[in-house]
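The lines below spell out each chain.
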Amino acid sequence: MDEMARTEKSYPLVVNGTSAPAAVTVPESGAAAWGVVLVPGSFMNDIDGNYLPEHGNPFTAKPHVYKDLSLQLAARGCAALRYARGGVTVLDKDLAQAHRHFADRAAVVAEAVRVLRAAVPSVKRVALAGHSEGGPVSLLLITTDRETKIDAYISLSAPALRMFDLMRQQTAMSVKDGMASFGPMTYPFAAYDEAMALVREGKPVPADLLAQLPPWGVWGMDEPSKRYLREYDEIESRKLIADLSCPVLIVQGLEDTSVYPDNAEMLFEARKGNPARTDLALLPGLQHFYKKVPAGLDPMAVFGLETESDPAVAEAIGAWLDKLAV
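This text gives an overview of the structure that appears in the document. Treat the numbers as computed from the prediction; the structure is a model and nothing was measured. Every chain is numbered independently, its residues counted from 1 as its sequence is written. Restriction of local features to residues with pLDDT of at least 70 applies here, the model being predicted, together with a cutoff of 80 or more for giving and counting side-chain atom pairs; totals for whole chains, interfaces and linings are based on all residues. Side-chain calculation: all heavy atoms of the structure are included, whereas hydrogens and water are not.

1. Focus: the pattern of salt bridges
For the record, the criterion: Note on definitions: salt bridges are taken to be side-chain nitrogens of Lys or Arg within 4 Å of carboxyl oxygens of Asp or Glu. Only runs of H or I of at least four residues qualify as helices and only runs of E of at least two qualify as strands under DSSP, and these elements are numbered from the N terminus. Type-normalised accessible area, obtained with a 1.4 Å probe on protein chains alone, sets the label of each residue: buried when under 20%, exposed when over 50%, and partly exposed for intermediate values.
Using the criterion set out here, one finds 20 salt bridges in the structure. Salt-bridge contacts for Arg82 lead to Asp48; the nearest nitrogen and oxygen are separated by 3.0 Å. Here Arg82, found in strand β4 (residues 79–83), pairs with Asp48, found in the loop between β3 (34–39) and α1 (65–75); they are 34 residues apart in sequence, far enough to count as distant. With a relative accessible area of 19%, Asp48 lands in the buried category. When the shortest N-O distance is used, the salt bridge between Asp151 and Arg117 registers 3.6 Å. Remark: Arg117 occurs in helix α3 (residues 104–119) and Asp151 occurs in the loop between α4 (134–144) and β7 (152–156); sequence separation between them is 34 residues.

2. Digging into the side chain of His131
The criterion, for reference: Here a polar contact is taken to be a pair of N or O atoms separated by no more than 3.5 Å, where protein atoms must pair a possible hydrogen donor with a possible acceptor and residues adjacent in sequence count only if both atoms sit in side chains. Here, residues are in contact when the closest pair of their heavy atoms is within 4.5 Å.
By secondary structure assignment, the location of His131 is in strand β6 (residues 125–131). Only 3.0 Å separates the side chain of His131 from the backbone oxygen of His288, close enough to count as a polar contact. Ignoring any residue separated from it by four or fewer positions in sequence, one finds His131 in contact with Val39, Pro40, Gly41, Tyr66, Leu156, Ser157, His288, Phe289 and Tyr290.

3. Looking at helix α8 (residues 223–233)
For α8, the complete set of buried residues consists of Lys226, Tyr228, Leu229, Arg230, Tyr232 and Asp233. Looking at the buried residues of α8, the elements they touch are α3, α4, α5 (163–172) and α6 (189–200).

4. Focus: the environment of Glu231
Mapped onto the elements of the fold, Glu231 is located in helix α8. Note: C-alpha distance between Glu231 and Met163 (68 residues apart in sequence) is 9.2 Å. Every residue in contact with Glu231, bar those within four places of it in the chain, is listed here: His101 and Phe102.

5. A word on the pairing of β4
To keep things clear, this is the line we draw: In this scheme, strands are said to pair when DSSP sees at least two bridges between them.
With 5 of 5 residues buried, β4 lies mostly within the body of the structure. As paired strands, strand β2 (residues 18–27) and β4 are joined by 4 bridges and run antiparallel to one another. Looking at the pairing, Ala22 lines up with Tyr83 of β4. Pairing of β3 with β4, which is carried by 3 bridges, proceeds in the parallel orientation.

Keep in mind that these numbers describe shape and distance, not what the molecule does.
Here it is, written out as structure tokens:
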């Protein structure tokens, strides 16, 4: 189909003592029947989906995946809302501090849905598209907040495994001769397992074990951050997605080394027996931010690709939404 002209407007998401930047992208006609809220993943992204040190990230990456998806979805006639987790303004310090919990992310999504519906009155139905960690956040909202009506759920490279199990899967992929690696740094995988088990249980990691590990791991985080991860770890996505009564689309790039493709298969398997429509879109050659991966590229370089996110994702979403009754 020919691309539609698009317009975009900024909005604040004011919730839990904070104000987060958001943007709504719509076809120029403004007559979008479907609205899609893009729920971001882990780390502090700016409004476009970039990860910058000034937002507290330990690295710089500029995949701009949420901007790309917003523009591509609007080109297919959908309204899309994206928002930042980094660069957030604190309006009430005590209130914001009290809401440093995983479950509080769902309140931001609920506010995003409200803003999208108010900004685009033509929207009849809303889909949540949870990317990476945004998947469990979306599932938590849909299954616990009955007032925020969600008509469809789109899993964008979201995990099926619990958080600590996902991290172990990621780390295990780098292990050779008992040593895990991160870039040029290596450390004993057995020490990693021992330390992560202690963090998962809320116990301190002893100094002799810390001495075997890189300083930037979960074991080096402050206690509120560790608590957040333990709360995230309690979310069992396969159980939550199994009972969703709304239609579900599971999208996965097959070159993803952040959330491995078997997670998509596990989520799809969990939906077996559910009468609501469930579809699986496996996209060859695409990584976690839906960039095409050149052959032989180092995994760290793959993560940092800044090319445009492949429009196949928005095409899959748009075609799927077209099949759902409005």
